[in-house]
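Coordinate analysis (summary)
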Amino acid sequence: MNQYEITFIVDPVLSGDEIQATAKTYVDTLEEAGCKTVHFDDMGIRSLAYPIKKRTNGAYFCVEFQAANGEIIEKVELSLRRDERIMRFLTVRLDKYGVKYNEDKRNGLIGKKKEESKSEDSEEKGAEAKA
Amino acid sequence: MASRDDIKFLSNPNIGDKRKKYCRFRKYGIKYIDYKDEQFLMQFINEQGKLLPRRITGNSLKYQRKVASAVKRARHLAMLPYVTDNLK
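Keep in mind it's a predicted model, so treat the numbers as computed, not measured.

**Some words on the overall build of chain B**
In terms of regular secondary structure, chain B is built from five helices and zero strands. In chain B, the order of α-helices and β-strands from amino to carboxyl end is α-α-α-α-α. Intrachain contacts of chain B at a sequence separation of at least 6 include 72% that bridge at least 24 residues.

What follows is the structure in structure tokens.
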């Protein structure tokens, strides 16, 4: 039983419903194949670091799921590749630390840590600026 | 006349001392590097978007490899650029 994570970028030219529907089809395909979806994350529309297919924005989605074996990955990747609405995708197998990290992130443990460190950083920067 | 002990600290003794570099992943027990967190990965690339060497970041080899693969994944997903100028 491995845990995987597929991140993909949907074309933002589609309407909001269509984007959601596109993302949903892949969650459904995974669930039909007997995978257990651990988490489905809608990361929203973000600007891309470089243009892909002449688009500068993209709707990011991340699906985390458990699969008994890797055969399903091939099938899903094939359909992602054939789908013109998908601009980019990436499948990653999570190790035990990755699984734990994602769990902590969902429980808000990691974001909190980052806020603290960020505020510290900004304080330090402020102190430097004053000095 | 000043004794030797006074003369010793006329110049700042801390100047020229090198701060010891350390691997932040080992120190803070970070085991997994998220490729979706581009703000975090920004600490390991220069303003052209290139990976910084270990001699600057102080990462241990194990975590430098993980940082490298995380940055490469982030680049594939257009979260970080492959080539750029004035990133920071």
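**Here's the deal with the domain arrangement of chain A**
Residue and element names in this part refer to chain A. Entries for chain A in the domain assignment read domain 1 (2-94) and domain 2 (96-131). If you look at the interface, domain 1 gives four residues, while domain 2 gives four residues. Across the side of domain 1 that touches domain 2, the residue classes tally to one nonpolar, two polar and one charged.

**Comments concerning the interface of chain A and chain B**
Across the contact, 13 residues belong to chain A and 12 residues belong to chain B. Ranked by the residues each element gives to the side of chain A that touches chain B, the list is headed by strand β2 (residues 36-52) of chain A, at four residues. Residues of the side of chain A that touches chain B, tallied by class, amount to nine nonpolar, three polar and one charged.

**Considerations on helix α1 (residues 16-32) of chain A**
Residue and element names in this part refer to chain A. Over its 17 residues, α1 extends 24 Å from the first C-alpha to the last, a length consistent with the 24 Å expected when each residue adds 1.5 Å. For α1, the complete set of buried residues consists of I19, A23, Y26 and L30. For α1, the arc enclosing every buried residue in end-on projection is 50 degrees, short of the 170-degree limit, so these residues lie on one face. Looking at α1, the residues exposed on the side facing more than 90 degrees away from the buried face are D17, K24, T25, D28, E31 and E32. The inward-facing, buried residues of α1 contact β1 (2-10), β2, β3 (55-67) and α2 (71-82). Just downstream of α1, G34 is the residue with a positive phi angle, here 90 degrees.

**Some words on the nonpolar core**
Among the nonpolar cores identified, the biggest contains 31 residues, and I9, V10 and F61 of chain A together with L41, A70, V71 and A74 of chain B are the most heavily contacted of them. Broken down by secondary-structure element, the contributors of at least two residues to this core are β1, α1 and β3 of chain A together with α5 (61-76) of chain B. Setting aside anything within four residues of it in sequence, one finds F61 of chain A in contact with F8, V10, A23, D41, D42 and M43 of chain A.

**Some words on the sheet that holds strand β4 (residues 86-94) of chain A**
Residues and elements named next belong to chain A. Here four strands make up an open sheet; going across it, the order is β2-β3-β1-β4 and the pairing antiparallel. Taken across any chain shown, the strands that pair with only one partner, and hence form the sheet edges, are β2 and β4. Recorded for the sheet is a direction-independent mean angle of 20 degrees between the axes of neighbouring strands. With 11 bridges connecting them, β2 and β3 associate as antiparallel partners.

**A short note on unusual backbone geometry**
All names here are of chain A. Of note, the phi angle at K53 is positive, near 50 degrees, even though the residue is not glycine. Even without a glycine there, the phi angle at K54 is positive, about 60 degrees. You can call K54 exposed: it has 5 C-beta atoms within 10 Å.

**So, the environment of N107 of chain A**
Structurally, N107 of chain A is set in the loop between α3 (96-106) and α4 (109-130). As for N107 of chain A and G16 of chain A, which are separated by 91 residues in sequence, their C-alpha atoms are 27 Å apart.

Rules and cut-offs
Counting from 1, residues in each chain are numbered in the order their sequence is written. Lettering for chains starts from A, numbering for ligands starts from 1, and both go in the order in which the items are written. Only residues with pLDDT of at least 70 are given local features in this predicted model, and only at 80 or more are side-chain atom pairs given and counted; all residues enter the totals for whole chains, interfaces and linings. The secondary structure listing takes helices from DSSP runs of H or I that are at least 4 residues long and strands from runs of E that are at least 2 residues long, numbered from the N terminus. Residues are scored as being in contact if the C-beta atoms we place from backbone atoms lie within 7 Å. These domain boundaries are the output of an automatic or database domain assignment. Under the scheme applied here, ten amino acids are nonpolar (Ala, Val, Leu, Ile, Met, Phe, Trp, Tyr, Cys and Pro), four are charged (Asp, Glu, Lys and Arg), and all others, including Gly, are polar. Residue count minus one, scaled by 1.5 Å, sets the expected span of a helix. Any residue whose C-beta has 12 or fewer other C-beta atoms within 10 Å is treated as exposed, any with 20 or more as buried, and any in between as partly exposed, C-beta atoms being built from the backbone. Of all possible arcs, the one meant is that of the directions from the helix axis to the C-beta atoms. Put simply, a nonpolar core is buried Ala, Val, Leu, Ile, Met, Phe, Trp, Tyr and Cys residues tied into one set by C-beta atoms within 7 Å. Between any two strands, at least two bridges found by DSSP are needed for them to pair. Axes here refer to lines fitted to C-alpha atoms; in helices the fit is confined to the stretch in contact. Angles between the N-to-C directions go from 0 to 180 degrees.

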